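Residue strings, one per chain:
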Amino acid sequence: MPHSFNNYYEPFLGSGAVMAELLYADSTMLFPHFEQAYGSDILPFLIEIFNITKENPKAIVDHYRKEISEYYQDPIKKYDEIRDRFNAAHNPYDFVLLSRTCYSGVIRFRKADGYMSTPRGPHKPISPETFENRITFWHNLLQKASFSCESYTESMKRPKEGDVVYCDPPYTHSQSIIYGAQEFNIDTLWKMIAECKERGAKVMLSINGMRDSKKKDISVTPPDGLFERKLFVNCGTSMIDRLQNTGREMRDKKVDDQLLLTW
Ligand SMILES: C[S@@+](CC[C@H](N)C(=O)[O-])C[C@H]1O[C@@H](n2cnc3c(N)ncnc32)[C@H](O)[C@@H]1O
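Residues numbered from 1 in each chain as written. Predicted model: local features only at pLDDT ≥ 70, side-chain atom pairs only at ≥ 80, totals over all residues.

So, about the overall build of the protein chain. Within the protein chain, the regular secondary structure consists of ten helices and eight strands. Looking at the protein chain as a whole, 29% of its 263 residues qualify as buried. Across the protein chain, contacts joining residues at least 24 apart in sequence account for 70% of those joining residues at least 6 apart. (Helix = DSSP H or I, 4+ residues; strand = E, 2+ residues; numbered from the N terminus. Buried ≥ 20, exposed ≤ 12 C-beta atoms within 10 Å, placed from the backbone. Contact = placed C-beta atoms within 7 Å.)

Written out as C-alpha coordinates, the structure reads:
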(Lines give C-alpha, C1' and ligand atoms only; values in the text may rest on other atoms or scores of the structure.)
Protein backbone atom coordinates (compact mmCIF):
# COMPACT_ATOMS: atom_id res chain seq x y z
CA MET A 1 0.00 0.00 0.00
CA PRO A 2 1.12 3.57 -0.49
CA HIS A 3 2.82 5.13 2.57
CA SER A 4 0.09 7.66 3.00
CA PHE A 5 -3.34 8.19 1.51
CA ASN A 6 -6.61 9.96 2.32
CA ASN A 7 -9.30 7.35 3.02
CA TYR A 8 -9.31 3.56 3.09
CA TYR A 9 -12.28 1.59 1.71
CA GLU A 10 -12.91 -2.12 2.26
CA PRO A 11 -16.15 -3.06 0.45
CA PHE A 12 -16.02 -6.83 1.25
CA LEU A 13 -15.16 -6.43 4.92
CA GLY A 14 -15.78 -9.96 6.30
CA SER A 15 -13.84 -10.27 9.56
CA GLY A 16 -12.01 -7.01 8.86
CA ALA A 17 -8.58 -8.66 9.18
CA VAL A 18 -6.87 -6.34 6.68
CA MET A 19 -8.50 -3.18 8.01
CA ALA A 20 -7.44 -4.19 11.54
CA GLU A 21 -3.80 -4.46 10.43
CA LEU A 22 -3.99 -1.00 8.90
CA LEU A 23 -5.67 0.58 11.92
CA TYR A 24 -3.11 -1.03 14.19
CA ALA A 25 -0.17 0.17 12.08
CA ASP A 26 -1.64 3.67 12.05
CA SER A 27 -2.17 3.63 15.85
CA THR A 28 1.48 2.72 16.44
CA MET A 29 2.66 5.45 14.04
CA LEU A 30 3.91 2.89 11.53
CA PHE A 31 3.09 3.24 7.83
CA PRO A 32 0.65 3.74 6.26
CA HIS A 33 -1.12 6.91 7.45
CA PHE A 34 -4.66 7.70 6.39
CA GLU A 35 -7.62 9.84 7.47
CA GLN A 36 -10.58 7.49 7.86
CA ALA A 37 -11.42 3.83 7.18
CA TYR A 38 -14.77 2.79 5.68
CA GLY A 39 -15.80 -0.86 5.91
CA SER A 40 -18.90 -2.36 4.31
CA ASP A 41 -20.40 -5.76 3.66
CA ILE A 42 -23.71 -7.17 2.46
CA LEU A 43 -24.36 -9.10 5.72
CA PRO A 44 -26.23 -6.84 8.20
CA PHE A 45 -25.47 -8.90 11.35
CA LEU A 46 -21.76 -8.79 10.51
CA ILE A 47 -21.70 -5.00 10.16
CA GLU A 48 -23.68 -4.70 13.41
CA ILE A 49 -20.86 -6.51 15.27
CA PHE A 50 -18.43 -3.80 14.19
CA ASN A 51 -20.85 -1.04 15.17
CA ILE A 52 -21.61 -2.56 18.59
CA THR A 53 -17.88 -3.11 19.25
CA LYS A 54 -17.20 0.52 18.37
CA GLU A 55 -20.16 2.10 20.23
CA ASN A 56 -21.19 -0.28 23.03
CA PRO A 57 -18.55 -2.99 23.64
CA LYS A 58 -19.97 -3.90 27.07
CA ALA A 59 -23.18 -5.23 25.48
CA ILE A 60 -21.34 -7.81 23.42
CA VAL A 61 -18.93 -8.74 26.24
CA ASP A 62 -21.83 -9.32 28.67
CA HIS A 63 -23.69 -11.50 26.15
CA TYR A 64 -20.58 -13.60 25.46
CA ARG A 65 -19.85 -14.06 29.19
CA LYS A 66 -23.36 -15.29 30.01
CA GLU A 67 -23.83 -17.57 27.00
CA ILE A 68 -20.34 -19.11 26.96
CA SER A 69 -20.52 -19.94 30.68
CA GLU A 70 -23.64 -21.98 29.86
CA TYR A 71 -21.96 -23.44 26.76
CA TYR A 72 -19.10 -24.78 28.91
CA GLN A 73 -21.71 -26.77 30.93
CA ASP A 74 -23.47 -28.44 27.97
CA PRO A 75 -21.87 -27.56 24.59
CA ILE A 76 -24.07 -29.74 22.34
CA LYS A 77 -27.39 -28.51 23.66
CA LYS A 78 -26.23 -24.89 23.91
CA TYR A 79 -24.80 -24.80 20.37
CA ASP A 80 -28.13 -25.92 18.91
CA GLU A 81 -29.93 -23.33 21.01
CA ILE A 82 -27.66 -20.50 19.83
CA ARG A 83 -27.80 -21.60 16.18
CA ASP A 84 -31.60 -21.92 16.22
CA ARG A 85 -31.92 -18.48 17.79
CA PHE A 86 -29.59 -16.98 15.19
CA ASN A 87 -31.39 -18.66 12.29
CA ALA A 88 -34.73 -17.39 13.58
CA ALA A 89 -33.71 -13.74 14.00
CA HIS A 90 -30.19 -13.18 12.52
CA ASN A 91 -28.97 -11.14 15.48
CA PRO A 92 -25.31 -10.02 15.70
CA TYR A 93 -24.81 -11.20 19.31
CA ASP A 94 -25.48 -14.84 18.47
CA PHE A 95 -23.49 -14.49 15.24
CA VAL A 96 -20.44 -13.65 17.36
CA LEU A 97 -21.05 -16.74 19.53
CA LEU A 98 -21.37 -18.96 16.45
CA SER A 99 -18.14 -17.61 15.00
CA ARG A 100 -16.35 -18.68 18.22
CA THR A 101 -18.00 -22.10 18.58
CA CYS A 102 -18.65 -23.42 15.05
CA TYR A 103 -16.33 -25.80 13.21
CA SER A 104 -13.08 -24.01 12.21
CA GLY A 105 -14.86 -20.67 12.62
CA VAL A 106 -16.17 -21.04 9.06
CA ILE A 107 -19.69 -19.69 8.65
CA ARG A 108 -21.71 -21.52 5.98
CA PHE A 109 -25.21 -20.66 4.82
CA ARG A 110 -27.36 -23.27 3.08
CA LYS A 111 -28.01 -22.23 -0.51
CA ALA A 112 -31.70 -23.17 -0.54
CA ASP A 113 -32.90 -21.16 2.44
CA GLY A 114 -29.94 -19.24 3.92
CA TYR A 115 -29.84 -21.45 7.06
CA MET A 116 -26.51 -21.15 8.96
CA SER A 117 -25.51 -24.82 8.82
CA THR A 118 -21.92 -25.14 10.12
CA PRO A 119 -21.68 -27.87 12.79
CA ARG A 120 -20.23 -27.29 16.25
CA GLY A 121 -16.44 -27.31 16.59
CA PRO A 122 -14.73 -29.68 19.06
CA HIS A 123 -12.54 -26.91 20.58
CA LYS A 124 -13.12 -25.01 23.81
CA PRO A 125 -14.15 -21.43 22.94
CA ILE A 126 -12.00 -18.61 24.34
CA SER A 127 -12.72 -17.50 27.90
CA PRO A 128 -14.90 -14.44 28.61
CA GLU A 129 -11.76 -12.63 29.87
CA THR A 130 -9.85 -13.24 26.60
CA PHE A 131 -12.94 -12.22 24.63
CA GLU A 132 -13.26 -8.99 26.63
CA ASN A 133 -9.58 -8.15 26.04
CA ARG A 134 -10.00 -8.62 22.31
CA ILE A 135 -13.18 -6.55 22.15
CA THR A 136 -11.51 -3.73 24.12
CA PHE A 137 -8.57 -3.84 21.71
CA TRP A 138 -10.88 -3.66 18.67
CA HIS A 139 -13.02 -0.96 20.33
CA ASN A 140 -9.97 1.31 20.52
CA LEU A 141 -8.87 0.52 16.95
CA LEU A 142 -12.32 1.16 15.47
CA GLN A 143 -12.60 4.79 16.57
CA LYS A 144 -11.11 5.84 13.24
CA ALA A 145 -13.44 3.61 11.21
CA SER A 146 -17.09 3.61 10.16
CA PHE A 147 -19.27 0.84 8.83
CA SER A 148 -22.24 0.42 6.56
CA CYS A 149 -24.29 -2.50 5.36
CA GLU A 150 -24.40 -2.19 1.60
CA SER A 151 -23.30 -3.87 -1.59
CA TYR A 152 -19.95 -3.01 -3.14
CA THR A 153 -21.95 -1.59 -6.06
CA GLU A 154 -22.90 1.29 -3.72
CA SER A 155 -19.80 1.68 -1.52
CA MET A 156 -17.42 1.67 -4.50
CA LYS A 157 -19.09 4.79 -5.91
CA ARG A 158 -17.41 6.92 -3.19
CA PRO A 159 -13.59 6.46 -3.36
CA LYS A 160 -11.82 9.30 -5.15
CA GLU A 161 -8.38 10.79 -5.87
CA GLY A 162 -5.93 9.91 -3.11
CA ASP A 163 -8.01 7.05 -1.63
CA VAL A 164 -7.17 3.32 -1.45
CA VAL A 165 -9.69 0.49 -1.96
CA TYR A 166 -9.01 -3.13 -1.01
CA CYS A 167 -11.40 -5.73 -2.47
CA ASP A 168 -11.58 -9.32 -1.23
CA PRO A 169 -14.76 -10.56 -2.94
CA PRO A 170 -16.35 -14.01 -2.67
CA TYR A 171 -14.14 -16.07 -4.93
CA THR A 172 -15.73 -17.50 -8.02
CA HIS A 173 -14.02 -20.89 -7.72
CA SER A 174 -15.34 -22.56 -4.60
CA GLN A 175 -16.96 -20.24 -2.12
CA SER A 176 -20.56 -20.05 -3.31
CA ILE A 177 -21.75 -22.25 -0.46
CA ILE A 178 -20.05 -20.06 2.11
CA TYR A 179 -20.83 -16.54 1.02
CA GLY A 180 -23.85 -16.93 -1.22
CA ALA A 181 -21.56 -16.03 -4.11
CA GLN A 182 -24.04 -17.25 -6.70
CA GLU A 183 -25.25 -13.66 -7.03
CA PHE A 184 -21.77 -12.26 -7.40
CA ASN A 185 -20.92 -11.07 -10.90
CA ILE A 186 -17.25 -10.47 -11.60
CA ASP A 187 -17.99 -8.25 -14.65
CA THR A 188 -19.79 -5.77 -12.40
CA LEU A 189 -16.75 -5.71 -10.12
CA TRP A 190 -14.41 -4.98 -13.06
CA LYS A 191 -16.67 -2.03 -13.96
CA MET A 192 -16.69 -0.64 -10.39
CA ILE A 193 -12.88 -0.96 -10.17
CA ALA A 194 -12.45 0.81 -13.53
CA GLU A 195 -14.65 3.70 -12.32
CA CYS A 196 -12.67 4.03 -9.05
CA LYS A 197 -9.45 4.10 -11.06
CA GLU A 198 -10.82 6.78 -13.39
CA ARG A 199 -11.68 8.95 -10.37
CA GLY A 200 -8.04 8.63 -9.18
CA ALA A 201 -8.40 6.00 -6.42
CA LYS A 202 -5.91 3.14 -6.12
CA VAL A 203 -7.55 -0.31 -6.06
CA MET A 204 -6.16 -3.63 -4.82
CA LEU A 205 -7.97 -6.91 -5.45
CA SER A 206 -7.24 -10.36 -4.07
CA ILE A 207 -8.84 -13.14 -6.06
CA ASN A 208 -8.42 -16.74 -7.20
CA GLY A 209 -4.91 -17.57 -8.23
CA MET A 210 -3.41 -21.04 -8.18
CA ARG A 211 -4.30 -23.98 -5.99
CA ASP A 212 -2.91 -27.45 -5.27
CA SER A 213 0.55 -25.93 -4.79
CA LYS A 214 0.59 -24.09 -8.14
CA LYS A 215 -0.46 -27.17 -10.13
CA LYS A 216 -3.92 -25.93 -10.95
CA ASP A 217 -4.71 -22.49 -12.36
CA ILE A 218 -8.03 -21.22 -11.01
CA SER A 219 -7.40 -17.59 -11.82
CA VAL A 220 -9.89 -15.21 -13.37
CA THR A 221 -8.87 -12.96 -16.26
CA PRO A 222 -9.38 -9.23 -15.72
CA PRO A 223 -9.94 -6.82 -18.63
CA ASP A 224 -6.74 -5.69 -20.38
CA GLY A 225 -5.12 -2.59 -18.90
CA LEU A 226 -7.19 -2.47 -15.70
CA PHE A 227 -4.33 -3.59 -13.43
CA GLU A 228 -0.69 -2.58 -13.57
CA ARG A 229 0.78 -5.28 -11.31
CA LYS A 230 0.10 -8.87 -10.27
CA LEU A 231 1.59 -10.63 -7.23
CA PHE A 232 0.98 -14.12 -5.88
CA VAL A 233 0.34 -14.45 -2.15
CA ASN A 234 0.84 -17.85 -0.53
CA CYS A 235 -2.21 -18.37 1.68
CA GLY A 236 -1.28 -21.82 3.01
CA THR A 237 -3.80 -24.64 3.02
CA SER A 238 -7.20 -23.76 1.63
CA MET A 239 -9.79 -23.00 4.31
CA ILE A 240 -12.40 -24.93 2.31
CA ASP A 241 -10.15 -27.98 2.05
CA ARG A 242 -9.48 -27.85 5.77
CA LEU A 243 -13.19 -27.84 6.46
CA GLN A 244 -13.99 -30.65 4.05
CA ASN A 245 -11.05 -32.93 4.84
CA THR A 246 -11.13 -32.89 8.61
CA GLY A 247 -8.41 -35.05 10.07
CA ARG A 248 -6.95 -36.13 6.72
CA GLU A 249 -3.49 -35.14 5.62
CA MET A 250 -3.40 -32.50 2.92
CA ARG A 251 -0.25 -32.50 0.88
CA ASP A 252 -0.06 -30.32 -2.24
CA LYS A 253 -3.07 -28.30 -1.12
CA LYS A 254 -1.47 -24.88 -0.92
CA VAL A 255 -3.43 -21.96 -2.30
CA ASP A 256 -1.83 -18.90 -3.92
CA ASP A 257 -4.15 -15.92 -4.28
CA GLN A 258 -3.54 -13.24 -6.88
CA LEU A 259 -3.13 -9.70 -5.66
CA LEU A 260 -3.86 -7.27 -8.49
CA LEU A 261 -3.04 -3.55 -8.21
CA THR A 262 -4.22 -0.70 -10.42
CA TRP A 263 -0.98 1.28 -9.93
C1 LIG B 1 -13.73 -13.40 1.02
S2 LIG B 1 -14.82 -12.65 2.19
C3 LIG B 1 -13.86 -11.32 2.82
C4 LIG B 1 -12.91 -11.77 3.90
C5 LIG B 1 -12.15 -10.64 4.57
N6 LIG B 1 -11.04 -10.17 3.77
C7 LIG B 1 -11.66 -11.01 5.96
O8 LIG B 1 -10.59 -10.54 6.37
O9 LIG B 1 -12.34 -11.76 6.66
C10 LIG B 1 -16.03 -11.90 1.16
C11 LIG B 1 -17.06 -11.04 1.85
O12 LIG B 1 -17.85 -10.40 0.85
C13 LIG B 1 -19.17 -10.25 1.34
N14 LIG B 1 -20.07 -10.02 0.17
C15 LIG B 1 -20.64 -10.92 -0.69
N16 LIG B 1 -21.33 -10.30 -1.64
C17 LIG B 1 -21.21 -8.96 -1.41
C18 LIG B 1 -21.70 -7.79 -2.05
N19 LIG B 1 -22.47 -7.85 -3.13
N20 LIG B 1 -21.36 -6.58 -1.54
C21 LIG B 1 -20.59 -6.48 -0.41
N22 LIG B 1 -20.10 -7.56 0.25
C23 LIG B 1 -20.41 -8.78 -0.24
C24 LIG B 1 -19.43 -11.53 2.11
O25 LIG B 1 -20.47 -11.35 3.06
C26 LIG B 1 -18.05 -11.78 2.76
O27 LIG B 1 -17.99 -11.23 4.06
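Don't stop here, the text continues.
One finds Ala 37, Val 165 and Val 203 to be the most contacted residues of the largest nonpolar core, which totals 49 residues. Examining the composition of this core, we find that five residues originate from one element, helix α3 (residues 57-73), more than from any other. Counting residues domain by domain, this core receives three or more from each of domain 1 (7-42 + 150-261) and domain 2 (51-135). Non-local contacts of Ala 37, meaning those with residues more than four positions away in its chain, are made with Tyr 8, Met 19, Leu 22, Leu 23, Lys 144 and Ala 145. (Core = buried A, V, L, I, M, F, W, Y, C linked by C-beta atoms within 7 Å. Domains from an automatic or database assignment.)

Turning to the environment of Ile 82, a few remarks are in order. Here Ile 82 is to be found in helix α4 (residues 75-89). Placed 16 residues apart in sequence, Ile 82 and Leu 98 show a C-alpha to C-alpha distance of 7.3 Å.

Now for the packing of helix α2 (residues 44-55) against helix α5 (residues 92-101). Packing of α2 against α5 leaves a shortest axis separation of 8 Å and a crossing angle of 95 degrees. By the angle class used here, α2 and α5 are roughly perpendicular. Two secondary-structure elements touch here, α2 through Phe 45, Leu 46, Glu 48, Ile 49 and Ile 52 and α5 through Pro 92, Phe 95 and Val 96. A breakdown of the residues in the contact of α2 with α5 according to their chemical character gives seven nonpolar, no polar and one charged. (Axes fitted to C-alpha atoms, helices over the stretch in contact; angles between N-to-C directions. Parallel < 35°, antiparallel > 145°, perpendicular 65-115°, else oblique. Nonpolar A, V, L, I, M, F, W, Y, C, P; charged D, E, K, R; others polar.)

Turning our attention to the pairing of strand β1 (residues 7-10). The side chains of a regular strand alternate, residue by residue, between the two faces of the sheet. Direction of pairing for β1 relative to strand β2 (residues 36-41): parallel, over a ladder of four bridges. Each bridged residue has a counterpart across the sheet, and for Asn 7 the counterpart in β2 is Gln 36. Following the chain from β1 across helix α1 (residues 17-27) to the adjacent parallel β2, one finds a crossover that is right-handed. Of the pairings in the sheet, the one linking β1 to strand β4 (residues 164-167) comprises two bridges and is parallel in character. Residue pairing across strands places Tyr 8 opposite Val 164, the latter belonging to β4. (Pairing = 2+ DSSP bridges. Right-handed = clockwise from strand over helix to strand, strands pointing away.)

A rise of 1.5 Å per residue sets the reference length of α2, with its twelve residues, at 16 Å; its end C-alpha atoms lie 16 Å apart and thus fit the reference within 8%. The set of residues buried in α2 consists of Leu 46, Ile 49, Phe 50, Ile 52 and Thr 53. Seen along its axis, α2 keeps its buried residues to an arc of 165 degrees; they face one direction. Its buried side turned inward, α2 meets β2, α3, α5, α6 (128-141) and β3 (145-149). (Expected span 1.5 Å × (residues − 1). Arc of directions from axis to C-beta.)

Tracing the backbone through its elements, the reader meets Phe 31 in the loop between α1 and β2. The spatial distance from the C-alpha of Phe 31 to the C-alpha of His 3 is 5.6 Å, given a sequence separation of 28 residues. Sequence-distant contacts of Phe 31, that is, excluding residues within four places in its chain, are made with His 3 and Ala 25.

On to the packing of α3 against α6, then. Helix packing geometry: the angle between the two helix axes and the distance between the axes. Following both chains from N to C, one finds α3 and α6 inclined at 165 degrees, their axes separated by 10 Å at the closest point. In this view, α3 runs roughly antiparallel relative to α6, as classed from their interaxial angle. Note on packing geometry: the crossing formed by α3 with α6 is right-handed. Here Pro 57, Ile 60, Val 61, Tyr 64, Arg 65 and Ile 68 of α3 come into contact with α6, specifically with Pro 128, Phe 131, Glu 132, Ile 135, Thr 136 and His 139. Per-class residue counts for the contact of α3 with α6 are eight nonpolar, two polar and two charged. (Left-handed = near helix turned anticlockwise from the far one by under 90°.)

This part takes up α3. In this model, α3 (17 residues) spans 25 Å end to end at C-alpha, consistent with the 24 Å of a helix rising 1.5 Å per residue. If you check which residues of α3 are buried, you get Ile 60, Val 61, Tyr 64, Glu 67, Ile 68 and Tyr 71. Down the axis of α3, the sector holding all buried residues measures 150 degrees, keeping them to one side. Structural note: α3 exposes Lys 58, Lys 66, Ser 69 and Gln 73 on the side pointing more than 90 degrees away from its buried face. Buried residues belonging to α3 abut α2, α4, α5 and α6.

Quick look at unusual backbone geometry now. Note that the residue after Phe 31, namely Pro 32, is joined by a cis bond; omega there is -5 degrees. Its location among the elements puts Pro 32 in the loop between α1 and β2. Unlike most non-glycine residues, Met 29 shows phi in positive territory, near 65 degrees. Positionally, Met 29 belongs in the loop between α1 and β2. Within the chain, His 90 stands out as a residue other than glycine whose phi angle is a positive 50 degrees. Along the polypeptide, His 90 turns up in the loop between α4 and α5.

Without other data, these values stay purely geometric and don't point to any function.
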